Amino acid sequence: MSDALTAHTWFEFSGIEPNPTYDTLIKAQAIIKSENIDYLLAVGGGSVVDGAKFIAAAAFYEGDNEDNDPWNILAKRQTITKALPLSAILTLPATGSESNGNFVVTRHGNKLPCSSPLVRPLFAVLDPSVTLSLSDRQIGNGVVDAFVHTIEQYLTYSVNGKVQDRFSEGILQTLIEEGPKALLPATKENLDVRANIMWSATMALNGLIGAGVPQDWSTHMIGHELTGAFGIDHARTLSIVLPAVMKVCREQKHEKLLQYATRVWQINEGDDSNRIDQAILLTEQFFEQMLVPTRLSDVNLGSDDIDLIIERLQQRGMTALGEKRNITLAVSREILTQAL
Ligand code: ZN
């Protein structure tokens, strides 16, 4: 890649960790100022792209005289008014960050999300061959993250958005078909498998399937607290929380759960309740195939740990989650209890 940049003056900033931290990212501001940086190229996975978005916005953050800490962009949910232009060279398909304006930054165990069209990458290079060096854990996490991004925008209630639904079902089916192949010795080097996974992850969160339809995101909001409090990989919080959301919200999501059972899993036998049970079970089995946990007990958490998560959700005002804003703290507790 450095060959492609020979005609440019460039500087490297490395060391952005998974779940990028404010403390690391803020160090980039010194280089940006001293070298007059006018463009950012994020080379890495979702965390690096997310981190670059924060760096891009922080470079122009002014605040006011008393408080010019760029953390306010997230902590006080301030609107980004100016950012450095950025692009991405993706090495890990998962978050879709290369194709949207969303990013998440962690500071002192607080993982906060933010979004702005000003930090959406101007272009992104997706080369599936670079994903061949990923570990099984990174592959499993990536496939599951993309799967849950799709579900958050699909498994709500029907507004007769046929194109959005069928795009979503296509992404889910592709991840179910191709994801396990990327872990099997006989097929894991197959570039078509990797390309289909990579493209699925991008399409899952570039705005296409979510346009004009209700969105849930409760699994992600509860999951962010599990990552912030206990350091669990992002995707692994999702694989633990999602099956419990499906179970606890099965009445509200009844119609879409049935559609999911029929169209994604081809379940056509049994009464409604039985078909939904089967679809949830197959979802859990798919996660297990991708080698991620599906219970809090799988990551050594128990009922005593639920209070802390509820407390954190409360502190952040996450008291009305889900597509109908009816996942109160009591329902979040029910979801976490279901996930034990
Ligand atoms: Zn995610």
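The structure under discussion appears in the preceding block.
Caption draft 1: Up close: the packing of aromatic side chains. Applying the stated criterion across every chain yields a total of 6 aromatic pairs. With a centroid separation of 5.7 Å and 70° between ring planes, the pair formed by Tyr22 and Trp71 is classed as edge-to-face. Of the two residues, Tyr22 is situated in helix 1 (residues 22-25) and Trp71 in the loop between helix 3 (46-58) and helix 4 (72-75); the sequence distance between them amounts to 49 residues. Taking the relative accessible area as the measure of exposure, Tyr22 reaches 7% and is therefore buried.

Caption draft 2: How the structure looks around the coordination of the zinc ion. The zinc ion binds to the protein through Asp145 (OD), His149 (NE2), His220 (NE2) and His234 (NE2), with metal-donor distances spanning 2.1 Å. Here the zinc ion binds 4 donor atoms, and the angle range of 84 to 171° at the metal identifies the geometry as irregular. Sequence spacing of the donor residues for the zinc ion, all on one chain, is D-x3-H-x70-H-x13-H. Here Asp145, found in helix 5 (residues 136-154), pairs with His220, found in helix 8 (residues 218-230); they are 75 residues apart in sequence, far enough to count as distant. The class for His220 is buried, based on a relative accessible area of 4%.

Caption draft 3: Spotlight on the pattern of salt bridges. Applying the stated rule across the entire model yields 17 salt bridges. Note that Lys181 is salt-bridged to Glu178, the shortest N-O span being 3.0 Å. The partly exposed category is assigned to Lys181, whose relative accessible area is 31%. Of the residues examined, Glu178 reaches a relative accessible area of 8% and is grouped as buried. Note that Asp216 is salt-bridged to Lys253, the shortest N-O span being 2.7 Å. A residue pair is termed long-range when its members are at least 10 positions apart, and Asp216 in the loop between helix 7 (191-204) and helix 8 and Lys253 in the loop between helix 9 (234-248) and helix 10 (254-263) qualify at 37 residues. Side by side, Asp216 and Lys253 carry an identical accessibility label, which is buried.

Caption draft 4: Spatial organisation of the side chain of His224. Here His224 shows up in helix 8. Using a relative accessible area of 6% as the deciding quantity, one classes His224 as buried. The residues touching His224, leaving out its near neighbours within four places in the chain, are Val104, Lys111 and His234.

Caption draft 5: Broad picture of a nonpolar patch on the surface. On the surface, a cluster of nonpolar side chains totalling about 620 Å² of accessible area is made up of Met1, Tyr39, Leu41, Val43, Leu122, Phe123 and Val125. With respect to the helices and strands, the residue Tyr39 is situated in the loop between helix 2 (28-35) and strand 1 (40-44). Tyr39 gets classed as partly exposed once you look at its relative accessible area, which sits at 35%.

Caption draft 6: Structural view of helix 12 (residues 306-315). Among the residues of helix 12, those classed as buried are Ile306, Ile309, Ile310, Arg312 and Leu313. The arc enclosing the buried residues of helix 12, seen along the axis, measures out at 160°, which places them on a common side. Among the structural elements, strand 4 (110-115), helix 8 and helix 13 (329-338) are those in contact with the buried residues of helix 12. At the exit of helix 12 stands Gly317, carrying a positive phi of roughly 75°.

Calculation rules
Residues numbered from 1 in each chain as written. Predicted model: local features only at pLDDT ≥ 70, side-chain atom pairs only at ≥ 80, totals over all residues. Heavy atoms only, no water. Phe/Tyr/Trp six-rings, centres within 6.5 Å; stacked < 30°, edge-to-face > 60°. Helix = DSSP H or I, 4+ residues; strand = E, 2+ residues; numbered from the N terminus. Buried < 20%, exposed > 50% of the residue type's maximum accessible area, 1.4 Å probe, protein only. Donors = N, O, S within 2.8 Å, 3.2 Å for Na, K, Ca; no water. Tetrahedral: all angles 85-135°; square planar, octahedral: opposite > 155°, others 65-115°. Salt bridge = Lys/Arg side-chain N within 4 Å of Asp/Glu carboxyl O. Contact = heavy atoms within 4.5 Å. Patch = residues over 30% accessible without salt bridge, like charges linked within 9 Å, V, L, I, M, F, W, Y side chains within 5 Å. Areas by Shrake-Rupley, 256 points an atom, 1.4 Å probe, with all protein chains shown as cover. Arc of directions from axis to C-beta.

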